[in-house]
Amino acid sequence: MDVDLPYKPQWNTGHEDRAWHVAWNPAKPLLASCSADKTVRLYSYASSSNEATPGLEFQLITSIPTGHAKTVRSVAWAPAGQTLATASFDSNIGIWEKEADEWECISTLEGHETECKCIAYSASGTLLASCSRDKTVWIWEVHPDGDFETISVLMEHTQDVKFVSWHPIEEILASASYDDTIKLYIEDPSDDWYCFSTLSGHTSTVWSLAWSPGTSSYLASSSDDKTVRVWRRVAEHKWECVLVLGGHDRSVYSVSWNKAPKSVRKSTPGCLGWLASAGGDGKVLIWELSEPILEDNTSGNVSLLPPRHKLIASIPSAHGVHDVNSVVWCPREGYEDLLATTGDDGYTRVWKIVPTT
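Residues numbered from 1 in each chain as written. Predicted model: local features only at pLDDT ≥ 70, side-chain atom pairs only at ≥ 80, totals over all residues. Heavy atoms only, no water.

Per an unreviewed UniProt entry, the protein chain is named Probable cytosolic iron-sulfur protein assembly protein 1, and its organism is Psilocybe cubensis. As stated in UniProt under Function (unreviewed entry), the record for the protein chain gives "Essential component of the cytosolic iron-sulfur (Fe/S) protein assembly machinery. Required for the maturation of extramitochondrial Fe/S proteins." Under Sequence similarities (unreviewed entry), UniProt gives the following word-for-word description of the protein chain: "Belongs to the WD repeat CIA1 family." (UniProt positions renumbered as here; feature names shortened; annotations may be inferred.)

The structure is reproduced here in structure tokens:
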């Protein structure tokens, strides 16, 4: 595989400060980025009208002055694609919807005591999770007309919580922390949400999480220890580390997992998709993972066999000399080969994974 940067940052004048996070709209051709400059930038993309340069054209639609008092650290789209959430170091969460031709904040969620680091919508869109430097994870229930209700405050971590991510099928929430652990939560129908498992193995801060597509029986985590770990579900409430991926020279700040393009899925038995990681060394690594092939003489616990994996692409210096803060695959059907990154240079860059001939 080759990696192309066909969508050069000329379409993006860049934020005025470091760009922290990027999110593809799951239903529409929109891309959102957020920054320490307290703004969110929205870009549209469409097929190029220029026959000499086929592909996609990206265009800046608007720059939203969020009104947050500090850095906007994370953005998340609701599954229907109508609502955008922003998480800020001012401890608040903004909920945004388009009214007429303008994006307006329809609700501000307050509760965290200090910096809000990440937000994520559940697959159903009925729940929103947030996490903070205050060591807590909050779960909010989404109601009509921008109304949100706090239904749980989880205090399982002993340090700053960096990231939250919902299972793409079940209502299982994962959180990653400065305490080097991953916590998994589910709801007790007769009581409250609770932590049913703690995943330990990283030797430093866990920065990011990504669930596998499809059956979602795997979870990937990236860490300050320069590794990506892949965890497999071996029982209903039990997950074990089955693979450790290296290749980075500094902290791995972000990890993203997406299904591979249809042609790859057809030609690769048991394909688990493409896993991308990025971080402080400026590199983006892309791995193709597949279910393990069991030998006839396999004995022991086959569920702990590592998935097959191969490095299919590497992007050195993706943002020049700057750190890469986030890497995110496009979730829309037909666009699975698109990857967006943000960096300390303030830019959002979009990459295309191109099969070699």
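Next comes the rest of the account.
Right, let's get into the pattern of salt bridges. Considering all chains together, one arrives at 14 salt bridges under this definition. Notably, a salt bridge pairs Glu-291 with Arg-232, separated by 3.4 Å at the nearest N-O pair. Remark: Arg-232 occurs in strand 20 (residues 228-235) and Glu-291 occurs in the loop between strand 24 (284-290) and strand 25 (308-315); sequence separation between them is 59 residues. The closest approach of N and O atoms between Lys-310 and Glu-288, which form a salt bridge, is 3.9 Å. (Salt bridge = Lys/Arg side-chain N within 4 Å of Asp/Glu carboxyl O. Helix = DSSP H or I, 4+ residues; strand = E, 2+ residues; numbered from the N terminus.)

With respect to the helices, strands and loops of the structure, Glu-102 is situated in strand 9 (residues 102-109). Overall, the relative accessible area of 51% leaves Glu-102 in the exposed class. Along the backbone, Glu-102 and Ile-186 are 84 residues apart, and their C-alpha atoms lie at a distance of 37 Å. (Buried < 20%, exposed > 50% of the residue type's maximum accessible area, 1.4 Å probe, protein only.)

Take the environment of Asn-25 next. Relative to the helices and strands, Asn-25 is located in the loop between strand 2 (19-24) and strand 3 (30-35). Judged by its relative accessible area of 0%, Asn-25 is buried. Look past the residues within four positions of Asn-25 in its chain and what remains in contact with it is Leu-30, Trp-77, Gly-81 and Arg-332. Within the structure, Asn-25 has its side chain in polar contact with the backbone nitrogen of Ala-27 (distance 2.8 Å). (Contact = heavy atoms within 4.5 Å. Polar contact = N/O pair within 3.5 Å; in protein donor to acceptor, adjacent residues only side chain to side chain.)

Right, let's get into the packing of aromatic side chains. Evaluation of the coordinates by the stated rule reveals twelve aromatic pairs. Where Tyr-45 meets Phe-58, the ring centres are 5.2 Å apart and the plane angle is 25 degrees; that geometry is what we call stacked. Remark: Phe-58 occurs in strand 5 (residues 56-65) and Tyr-45 occurs in strand 4 (residues 39-47); sequence separation between them is 13 residues. Using a relative accessible area of 4% as the deciding quantity, one classes Tyr-45 as buried. Residues Trp-138 and Trp-140 carry aromatic rings whose centres are separated by 5.3 Å and whose planes lie at 25 degrees to one another, so their mutual orientation is stacked. Like Trp-140, Trp-138 is buried. (Phe/Tyr/Trp six-rings, centres within 6.5 Å; stacked < 30°, edge-to-face > 60°.)

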